[in-house]
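The residues making up each chain are set out below.
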Amino acid sequence: MATTKQRLALSIIDFLTTSLTDGTLSEEDRESIEVATTCISESYKVDPTDSTPKDSQTLLQIYGVYEKLKGKSPAGANPTAAGETKDAGEASKVTEAQKKEAEGLKSQGNAAMAKKDYTTAIDFYTKALAIIPGNPIFLSNRAAAYSASKDHESARADAEAAVAVDPTYTKAWSRLGLARFALGDAKGSMEAYGKGIEHEGNGGSDAMKKGYETAKKKVEIEEDSDEDDTSVDRGMGGGAGAGGMPDLSALAGMFGGGGRGGGGGMPDLSAIMSNPMFASMAQNMMQNPDMLNNLMSNPRLREMANQFGGGGGGGGAGAGGAGGMPDLNSLMQDPSIAEMARNMMGGGGAGGPGGSGAGRGTGRGANP
């Protein structure tokens, strides 16, 4: 089953190909059009030669309806989804027999949903929509089937079309909330559930409120995360010890001196922090305090600290002399220190608390 975007890609290819045969484009343009259609086919993984039935209306016809809706021509068209449109006047001409047939197809779709045969359900709802385009119940049911089959883009398109036709149909708002949440649009999901609660009245159903609260929590988590990232960025920009950077004075003391450069002392920390590598290490230590504790307790680093302390202010910055900087190449031969360095450069640290529960909560609250 092609997604909404794949069907749109096929419509674009059909439009380009038709433009060569109807005289819109000249034969000189054929090579360019063939290159364009090939690129679209490969990018969206579609086959224009496939015999699977395509959308009943062409891209040009769909755009014509769009222009009517924008007021360039007489209005009166009902939007549906995935390129299905029909004038309101035509929809009102549906006979009782056609309505009965469409309802029968919807019932068959519902039965397929109960069996979790989502592809078959989508097919039945699509056939019902071919008889009565723009029916919000058929659109909403197909949105539920799309969501169940993990095609959330198509689910969102159907649900948005359903609420555009009938803003009071609350199930469509619920299914729009679920689709948006699954696509990572927590704020849009919260808005959809909010509309559903508004139209349900009396504070909304438990399912709708649960979906709203789940989406709201996700929005709050994202906002808190954005604030934390901003705070870290400000701290890194301020240099060592500023704007939230951890206090490295203990680390400086371990190496036998303050934060100033000098013979045999700890190099100026502000100079160290101007090095992107050390800045990254410091940032990782800030996010994982246990990393600094491990660093302080390592016996090899303690030995290095004693070398610093032994030299006091004397001695040069030689490689391992009394009071000088030890040979870092030799130091990094220690597997534990090498692993610690890799962790401080971003490879270590456990992941933050996950948010997968939010998605599951919304799925239960969406009442598909």
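Residues numbered from 1 in each chain as written. Predicted model: local features only at pLDDT ≥ 70, side-chain atom pairs only at ≥ 80, totals over all residues. Heavy atoms only, no water.

Explain the overall build of the chain to me, and be specific about the residues and the numbers.
Regarding its fold elements, the chain presents 19 helices and two strands. Buried residues in the chain amount to 36% of all 368 residues. Within the chain, residue pairs in contact and separated by at least 24 positions form 57% of the contacts whose partners lie at least 6 positions apart. On the chain, roughly 20,200 Å² of surface is accessible, and the fraction owed to carbon and sulfur atoms is 53%. (Helix = DSSP H or I, 4+ residues; strand = E, 2+ residues; numbered from the N terminus. Buried < 20%, exposed > 50% of the residue type's maximum accessible area, 1.4 Å probe, protein only. Contact = heavy atoms within 4.5 Å. Areas by Shrake-Rupley, 256 points an atom, 1.4 Å probe, with all protein chains shown as cover.)

Go over the side chain of Arg175, please, and point to the residues and values.
Structurally, the position occupied by Arg175 is in helix H9 (residues 170-182). There is no salt bridge for the buried Arg175, and the closest opposite charge comes from Asp158, which lies 10 Å off by N-O distance. Within the structure, the side chain of Arg175 is placed 3.4 Å from the side chain of Asn141, a separation counted as a polar contact. (Lys, Arg positive; Asp, Glu negative; His and termini not counted. Salt bridge = Lys/Arg side-chain N within 4 Å of Asp/Glu carboxyl O. Polar contact = N/O pair within 3.5 Å; in protein donor to acceptor, adjacent residues only side chain to side chain.)

An account of unusual backbone geometry is needed here, citing residue identities and associated values.
Despite not being glycine, Lys116 shows a phi value in the positive range, around 65 degrees. Tracing the backbone shows Lys116 in the loop between helix H5 (96-114) and helix H6 (118-131). Located in the positive-phi region is Lys150, a residue other than glycine, with phi close to 70 degrees. By secondary structure assignment, the location of Lys150 is in the loop between helix H7 (136-148) and helix H8 (152-165).

Residues and numbers for the nonpolar core, please.
If you look at soluble globular proteins, the nonpolar side chains tend to sit buried side by side. If you look at the biggest cluster of nonpolar residues, it comprises 20 residues, and the most contacted ones within it are Ala102, Ile132, Phe138 and Leu176. Listed by contribution, the elements that provide at least two residues to this core are H5, H6, H7, H8 and H9. One finds Ala112, Tyr125, Ala144 and Ala179 within the second-largest nonpolar core, a separate group that totals ten residues. (Core = buried A, V, L, I, M, F, W, Y, C linked by side-chain atoms within 4.5 Å.)

Go over the confidence of the model for the chain with me, naming the residues and quoting the values.
In the predicted model, the chain carries a mean pLDDT of 72, and the fraction of residues at 70 or more is 52%. When pLDDT is averaged over each helix and strand of the chain, the minimum, 39, is found for helix H19 (residues 356-365) and the maximum, 96, for H7. A low-confidence stretch, residues 72-80 stays under pLDDT 50, and its non-local contacts, those more than four residues away or across chains, total 24 contacts. Ignoring residues within four places in sequence, the model shows residues 311-323, a span with pLDDT below 50, making 31 contacts including any to other chains. (pLDDT = per-residue confidence, 0-100.)

Can you break down the packing of H5 against H6 residue by residue, with the values?
Where H5 meets H6, the axes come as close as 8 Å, and the angle between the chain directions of the two elements is 165 degrees. With respect to their mutual orientation, H5 and H6 come out roughly antiparallel. Crossing geometry of H5 relative to H6 is assigned as left-handed. Every residue of H6 that contacts H5 at Gln98, Glu101, Ala102, Leu105, Lys106, Gln108, Gly109, Asn110, Ala112 and Met113 is listed here: Tyr118, Thr120, Ala121, Phe124, Tyr125, Lys127, Ala128 and Ile131. Here the residues of the contact of H5 with H6 sort into ten nonpolar, five polar and three charged. (Axes fitted to C-alpha atoms, helices over the stretch in contact; angles between N-to-C directions. Parallel < 35°, antiparallel > 145°, perpendicular 65-115°, else oblique. Left-handed = near helix turned anticlockwise from the far one by under 90°. Nonpolar A, V, L, I, M, F, W, Y, C, P; charged D, E, K, R; others polar.)

Mind laying out H9, listing which residues take part and the relevant values?
Given a rise of 1.5 Å per residue, 13 residues ought to cover 18 Å, and the 19 Å separating the end C-alpha atoms of H9 matches this to within 8%. Within H9, eleven of the 13 residues are buried, leaving the element largely enclosed by the surrounding structure. Positive backbone phi, at 90 degrees, marks Gly184, one or two positions downstream of H9. (Expected span 1.5 Å × (residues − 1).)

Account for the packing of H8 against H9, naming residues and giving values.
Between H8 and H9, whose axes approach to 8 Å, the crossing angle comes to 150 degrees. Considering the angle they form, H8 stands roughly antiparallel to H9. Once H8 is placed against H9, the crossing between them reads as left-handed. The residues of H9 that touch H8, namely those facing His152, Ala155, Arg156, Ala159, Glu160, Ala162 and Val163, are Ala172, Trp173, Arg175, Leu176, Ala179, Arg180 and Ala182.

Describe in detail the environment of Phe124, supporting the description with residues and values.
Tracing the sequence through the fold places Phe124 in helix H6. C-alpha separation for the pair Phe124 and Lys106, spaced 18 residues apart in sequence, amounts to 6.3 Å. Each residue touching Phe124, except ones within four places of it in the same chain, is listed here: Leu105, Gln108 and Gly109.

Give a detailed account of helix H10 (residues 186-200), specifying residues and quantitative values.
Taking 1.5 Å per residue, 15 residues should reach 21 Å; H10 reaches 21 Å between its end C-alpha atoms and fits that length. Phi for Gly201, located one or two positions after H10, is positive at around 75 degrees.

Please provide a residue-by-residue account of the pattern of salt bridges, values included.
Inspection of the entire model under this criterion finds eight salt bridges. Close ionic contact of Glu153 with Arg156 constitutes a salt bridge, the shortest N to O distance being 2.9 Å. Placement of the pair is Glu153 and Arg156 together in helix H8, with a separation of three residues, close to one helical turn. It is possible to trace a salt-bridge network through shared partners that takes in Lys5, Glu153 and Arg156.

Describe in detail the side chain of Ser19, supporting the description with residues and values.
Looking at the secondary structure, you find Ser19 in helix H1 (residues 4-21). The exposure class assigned to Ser19 is buried, which follows from its relative accessible area of 5%. The contact partners of Ser19, leaving out residues within four places of it in the chain, are Thr24 and Leu25.

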